[in-house]
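Coordinate inspection notes
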Amino acid sequence: MKPIHKISILALSLVLVSCFKEKNNDNAEDRYQPKEFVEVKHPEWSKNATIYEVNVRQFTPEGTFKAFEAHLPRIKKMGIDIIWLMPIHPIGFEKRKGTLGSYYSVKDYYGINPEFGTKADFKHLVDKIHSMGMYVIVDWVANHSSWDNPLAKEHPDWYTKTEEGNFQPTPWYDWDDVIDFDYDKPGIRKYMTEALVYWVKDFNIDGYRCDTAGFIPTDFWNNARAEMDSVKPVFMLAEWESRDLHQKAFDMTYSWTFWDKMAAVTRDKKSISGLVEYMAHDVSTFPRDGYRMLFTDNHDMNSWNKNMVYNFGNGLEASIVLTGTVNGMPLVYGGQEAGLDRSLAFFEKDLIDWSQMPYEGLFKKLFDVKHRNHALWNGKEGGVMVRIYNDKMEQVISFSRTKDKDRVIPIINYSDKPVTVKLNSNHLKGDYTEVFSGKKITLNGDDVFTLKPWEYLVLEK
């Protein structure tokens, strides 16, 4: 064997060192590049979507899927894109609350609540919703089951236990009609993921609203999302308010905080400073492509926190306008458009009164502009909220959102006193249309507006 020349070894060493340095330099540069936190690929149709929650039991006298179908044309006309159905599964009998029980006490994850109809009825409803250009997500209760769910006998090890070894509700909560799953056990993870995939694959639903999503390990949701996406792109809404769920699992989380900050002003007579702080944090701390669900009511609020009229009073319309123009996706809880001014019974039949529709037109105008104006689209498809300073900062919320050539400027007197306000609008000069009146408005800079208590303007171009 010929000896390797020392010069050849040196040359090879220099080449290796050079490559190592070059690779390290590349990695060093990569470390300083901004990276998107949200890895979830939102369904294309969700980019300017709105959402509507359906309490099937209370929606019609019949309380069935078939009867609910009659409402779909007007819901579509109002500007709704996603229909969220509260849990569709059979309800447990053991330790049931009230006469009819809680939707969230699930006896069979593969079954249909006979109150609502059959699997064939459900499939017909899903197909009908799709035929109208809307999408459907189902409320999913993965954290706990009813006491008489067969899993409790077939797989008792899938549940958490008290120190005495007994089944228990979620620790520290008084949810006496349910028992808590243990997600440290691979068995329940596999079962629950397969059940989630079943309804997507066999019934063509478009995703889920996941009850108490934060009580369940995020890595479970990350994997479940991937398995569902392998069947079709799904849309996932978490009943939770946390950044980490947006990375790989959920398109949208609740913004309970936004509701709290609005109600603090309208109901509790506090200043708007908390609401302003929320918007500041939304711009600076929330993932740009994460969706937040905004609302003035939902089934939890309506059931346990009175109703939208009690909580928002004369500021209700202004609050609805905020939920439709602030960064996020607006929710309508079924019955709000009809002026729902009471708490619906949760465990009994309690029919919504559809005889009047005082807020239907307001929602429709808001959703029309959301659909057509890119500035109000969801996540990174929409415009960032930019504060417009004014000389009545303690009363008036004013901001702009711009995306490409589109712009929306909400100006809201979020107070119970009239106001004349001057906006620092020198960078927003131009011609606009006020969304609700159709009036043409030109901004010339330092523009002055006089607004009644709770009055709002939404300028669009």
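- Within an unreviewed UniProt entry, the label attached to the chain reads Alpha-amylase family glycosyl hydrolase, and the organism entered is Flavobacterium cheonhonense.

1. Describing the packing of helix H14 (residues 316–325) against helix H15 (residues 360–372)
- Where H14 meets H15, the axes come as close as 10 Å, and the angle between the chain directions of the two elements is 25 degrees. Viewed along their axes, H14 and H15 adopt a mutual orientation that is roughly parallel. In this structure, H14 meets H15 at a crossing whose hand is right-handed. Taken together, the residues of H15 that come into contact with H14 (itself represented by Glu317, Ile320, Val321, Gly324 and Thr325) are Leu362, Phe363 and Leu366.
- Of the residues contributing to the contact of H14 with H15, the split by class is 5 nonpolar, 2 polar and 1 charged.

2. What about the sheet that holds strand E7 (residues 235–238)?
- Pairing is parallel around the closed barrel formed by 8 strands, whose spatial order is E1-E2-E3-E6-E7-E8-E9-E10. Taken over all neighbouring pairs, the strand axes of this sheet differ in orientation by 25 degrees on average, direction set aside.
- With 2 bridges connecting them, E7 and strand E8 (residues 252–254) associate as parallel partners. The residue of E8 that forms the bridge with Ala238 is Thr253.

3. A word on helix H8 (residues 218–229)
- Taking 1.5 Å as the rise per residue, H8 with 12 residues should run 16 Å; its terminal C-alpha atoms sit 16 Å apart, in good agreement.
- Listed in full, the buried residues belonging to H8 are Phe220, Trp221, Ala224, Arg225 and Met228. Around the axis of H8, the buried residues are gathered within 130 degrees of arc, so they sit on the same side.
- Buried-residue contacts for H8 involve helix H7 (186–203), strand E6 (207–210), E7 and helix H9 (245–248).

4. Some points on the packing of aromatic side chains
- One pass over the structure, following the stated rule, counts 45 aromatic pairs.
- Here the aromatic rings of Trp158 and Tyr191 are separated by 5.9 Å at their centres, their planes lie at 45 degrees, and the arrangement is tilted. Taken together, the residues Trp158 in the loop between helix H6 (151–154) and strand E5 (178–180) and Tyr191 in helix H7 connect sequence positions 33 residues apart. By the burial criterion, Trp158 is buried, and Tyr191 matches it.
- Measuring from ring centre to ring centre gives 4.4 Å for Tyr173 and Trp175, while their planes differ by 35 degrees; the resulting arrangement is tilted.
- The ring centre of Phe37 lies 5.4 Å from the NZ or CZ of Arg243, which sits over that ring.
- Seen from the ring of Tyr310, Lys306 lies directly overhead, with NZ or CZ sitting 5.1 Å from the centre.

5. Focus: the layout of surface pockets
- The computed volume of the largest pocket comes to approximately 600 Å³.
- The leading source of residues in the lining of the largest pocket is helix H12 (residues 299–304), at 3 residues.

6. Regarding the nonpolar core
- Membership of the largest hydrophobic core comes to 126 residues, with the highest contact counts inside it found for Ile83, Phe122, Tyr208, Trp221 and Tyr414.
- With 10 residues, the single largest contributor to this core is H7.
- Those residues in contact with Trp221, other than ones at most four positions away along the chain, are Ala142, Leu196, Cys210, Ala213, Ile216, Leu245, Ala249 and Phe250.
- Listed in part, the 15 residues of the second largest apolar core include Ile411, Val419, Leu428 and Phe449.

7. Looking at helix H10 (residues 256–266)
- For H10, the full list of buried residues reads Phe258, Trp259, Met262, Ala263, Ala264, Val265 and Thr266.
- Among the structural elements, helix H11 (273–285), strand E9 (291–294), H12, helix H13 (308–312) and H14 are those in contact with the buried residues of H10.

Rules and cut-offs
Residues numbered from 1 in each chain as written. Predicted model: local features only at pLDDT ≥ 70, side-chain atom pairs only at ≥ 80, totals over all residues. Heavy atoms only, no water. Axes fitted to C-alpha atoms, helices over the stretch in contact; angles between N-to-C directions. Helix = DSSP H or I, 4+ residues; strand = E, 2+ residues; numbered from the N terminus. Parallel < 35°, antiparallel > 145°, perpendicular 65-115°, else oblique. Left-handed = near helix turned anticlockwise from the far one by under 90°. Contact = heavy atoms within 4.5 Å. Nonpolar A, V, L, I, M, F, W, Y, C, P; charged D, E, K, R; others polar. Pairing = 2+ DSSP bridges. Expected span 1.5 Å × (residues − 1). Buried < 20%, exposed > 50% of the residue type's maximum accessible area, 1.4 Å probe, protein only. Arc of directions from axis to C-beta. Phe/Tyr/Trp six-rings, centres within 6.5 Å; stacked < 30°, edge-to-face > 60°. Lys NZ or Arg CZ within 6 Å of the ring centre and 35° of its normal. 1 Å grid on protein atoms, 1.4 Å probe; cavity = no way out; pocket = protein on both sides within 12 Å on 5 of 7 lines; lining within 4 Å. Points joined across faces, edges and corners; volume = space filled by probe spheres on them. Core = buried A, V, L, I, M, F, W, Y, C linked by side-chain atoms within 4.5 Å.

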